[in-house]
Amino acid sequence: MNSLEKLADIEPVRLSLGSKFKFHCHKSLKCFTKCCNRINIVLTPYDIIRLKNRLQLFSEEFLTIYTEPRMLEKTDLPVVTLKLLDDDTKSCPFVRDDGCLVYSDRPTTCRYYPLGVASLSHKEDTDAEGFYFFVNEPHCLGFDEQKKWTVREWRMDQGVDLHDNINADWTDLLVRKRSFPSNIKLAEQAKKMFFMASYNIDKFREFVFESSFMRRYEIDRATAEKIKSDEIALLQFGITWLKWLLFKQGDFKSRKLVVGQENRKSG
Ligand code: SF4
Ligand code: SF4
């Protein structure tokens, strides 16, 4: 049984920011790095930016080498998970005997562990506000330790706040889509746009600046300059665009293209 199936069997106890727990993870525990095998890690847009920059890859290369596509349950939206090694260990490609090779750029899910986050989990109720739960894996000995935390303290200690702030609009988008009746499906093209703007940031930059995008929408000069040079600003711009594209939410302004305008430009 893999981690995903194990999780599906456990009804999560809902934790809030003030919930308390005892936990300490350190290298002298026998279980050290065991949690980095057979694990389901949904990557957020900001996770991908951090990791592809750490590995000095373009986003498309990172996606091809290190991720697998998946549909997030109840959303009908494509997400990506970290691709585990295709051998008996089924371990994360970044785990080594002495810990995580990309520790300072590790994904949001790894930072939260041993907590899970409802918004990135298939366990979320459609109408739920954000909540946390324990990923109860029997091999994890950290719960036998005496160090005390609240969920709020754990998040700060693990540097989750920065990740969550940058991903906030994207997470909202997932939650919003999840709240739609399941028979409302997105067109394939809309899903492709969601995938590109969310995960393939280098391709999205190309799309914004090298297609008719800038002529189709009213983008002021300062925004255009900013998103050209700042990946985080580009990501957040992309999510704002997706909200408008998928839900007509926000005030993203489109222009009508004159018929033949693109042909004249390219010809
Ligand atoms: S299994 Fe738990 S205690 Fe052990 S290394 Fe992983 S998080 Fe830490
Ligand atoms: S990215 Fe690091 S912390 Fe996360 S599963 Fe891989 S080795 Fe473990």
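If you're wondering where the values come from, they're calculated on a predicted model, not measured in any experiment.

Parameters and conventions
- Along each chain, residues carry numbers from 1 onward, in the same order as the chain's sequence is written.
- Each chain takes a letter, starting from A, and each ligand takes a number, starting from 1, following the order in which they are written.
- Given that this is a predicted model, residues contribute local features only at a pLDDT of at least 70 and side-chain atom pairs are listed and counted only at 80 or more, while totals for whole chains, interfaces and linings are drawn from all residues.
- Only buried Ala, Val, Leu, Ile, Met, Phe, Trp, Tyr and Cys residues enter a nonpolar core, and they are joined through C-beta atoms within 7 Å.
- Partly exposed residues are those falling between the two cut-offs: more than 12 but fewer than 20 other C-beta atoms within 10 Å of their own, whereas 20 or more means buried and 12 or fewer means exposed, with C-beta atoms placed from the backbone.
- An automatic or database domain assignment supplies the start and end points of every domain.
- By the criterion used throughout, residues are in contact when their C-beta atoms, derived from the backbone, lie within 7 Å.
- You can read pLDDT as the predictor saying how much it trusts each residue, on a scale of 0 to 100.
- Note on pairing: two strands pair once DSSP finds at least 2 bridges between them.
- In this text, helices come from DSSP runs of H or I with a minimum length of four residues, and strands from runs of E with a minimum of two, each type numbered from the N-terminal end.
- Only the C-beta atom matters for this test: placed from the backbone, it must lie within 6 Å of a molecule or strand for the residue to be near it.
- The classification used treats Ala, Val, Leu, Ile, Met, Phe, Trp, Tyr, Cys and Pro as nonpolar, Asp, Glu, Lys and Arg as charged, and all other residues, Gly among them, as polar.
- Note that the arc is defined by the directions from the helix axis to the C-beta atoms.
- Note on geometry: axes are C-alpha line fits, over the in-contact stretch for helices, and angles between N-to-C directions span 0 to 180 degrees.
- Reported orientations rely on four angle classes, namely roughly parallel under 35 degrees, roughly antiparallel over 145, roughly perpendicular from 65 to 115, and oblique for the rest.
- What makes a crossing left-handed is the near helix being turned counterclockwise from the far one by less than a right angle; a clockwise turn instead makes it right-handed.

## Concerning the nonpolar core
- Cys92 and Leu115 are the most contacted members of the largest nonpolar core, which has 49 residues in total.
- Mapping this core onto the domain boundaries places at least three of its residues in each of domain 1 (3-175) and domain 2 (186-247).
- If sequence neighbours within four positions are ignored, Cys92 has contacts with Cys36, Ile39, Leu82 and Leu84.

## Some thoughts on the confidence of the model for the protein
- Across the protein, the average pLDDT comes to 86, with 87% of residues at or above 70.
- Counting contacts from residues 122-128, a segment whose pLDDT is below 50, to residues more than four positions away or on other chains yields 12 contacts.

## Remarks on the sheet that holds strand S4 (residues 77-82)
- The three strands lie next to each other as S2-S4-S3, forming an open sheet whose pairing is antiparallel. On the outer flanks of this sheet lie strand S2 (42-43) and strand S3 (67-72), each paired with one strand and no other.
- As defined by bridge partners, S3 adjoins S4 across six bridges and the pair is classed as antiparallel. If you follow Leu72 over to S4, its bridge partner there is Leu77.

## Looking at the site of ligand 1
- Near ligand 1 lie 13 residues; those nearest to it are Cys25, Cys31, Cys35, Cys140 and Gly142.
- In terms of residue class, the shell around ligand 1 is made up of nine nonpolar, three polar and one charged.

## Looking at the environment of Thr150
- Counting through the fold element by element, Thr150 comes out in strand S9 (residues 148-150).
- On the neighbour-count criterion, Thr150 (15 C-beta atoms within 10 Å) is partly exposed.
- C-alpha separation for the pair Thr150 and Leu17, spaced 133 residues apart in sequence, amounts to 6.7 Å.
- When near neighbours in sequence (up to four residues on either side) are disregarded, Thr150 contacts Leu17, Gly18, Ser19 and Lys20.

## Notes on the pairing of S4
- In this sheet, S4 lies alongside S2 in antiparallel orientation, the contact comprising two bridges. Bridge assignment links Leu43 to a residue of S4, and that residue is Val80.

## Here's the deal with helix H3 (residues 59-66)
- Listed in full, the buried residues belonging to H3 are Ser59, Phe62, Leu63 and Tyr66. Down the axis of H3, the sector holding all buried residues measures 100 degrees, keeping them to one side. What points out from H3, more than 90 degrees from its buried face, is the exposed set Thr64 and Ile65.
- Residues of H3 that are buried make contact with helix H2 (45-54), S3, S4, helix H7 (188-199) and helix H8 (201-210).

## Points about the environment of Asp202
- Mapped onto the elements, Asp202 comes out in helix H8.
- Along the primary structure Asp202 and Phe58 are separated by 144 residues, whereas in three dimensions their C-alpha atoms are 6.5 Å apart.
- Those residues in contact with Asp202 that lie beyond four places of it in its chain are Phe58, Ser59 and Glu60.

## Quick notes on the packing of helix H10 (residues 221-229) against helix H11 (residues 231-247)
- At a minimum axis separation of 5 Å, H10 and H11 run at an interaxial angle of 120 degrees. Classed by the angle they form, the pair H10 and H11 counts as oblique. Judged by the twist between their axes, the crossing of H10 over H11 is left-handed. Between H10 and H11, the residues in contact are Thr223, Lys226 and Ile227 and Ala233, Leu234 and Phe237, respectively.
- Residues of the contact of H10 with H11, tallied by class, amount to four nonpolar, one polar and one charged.

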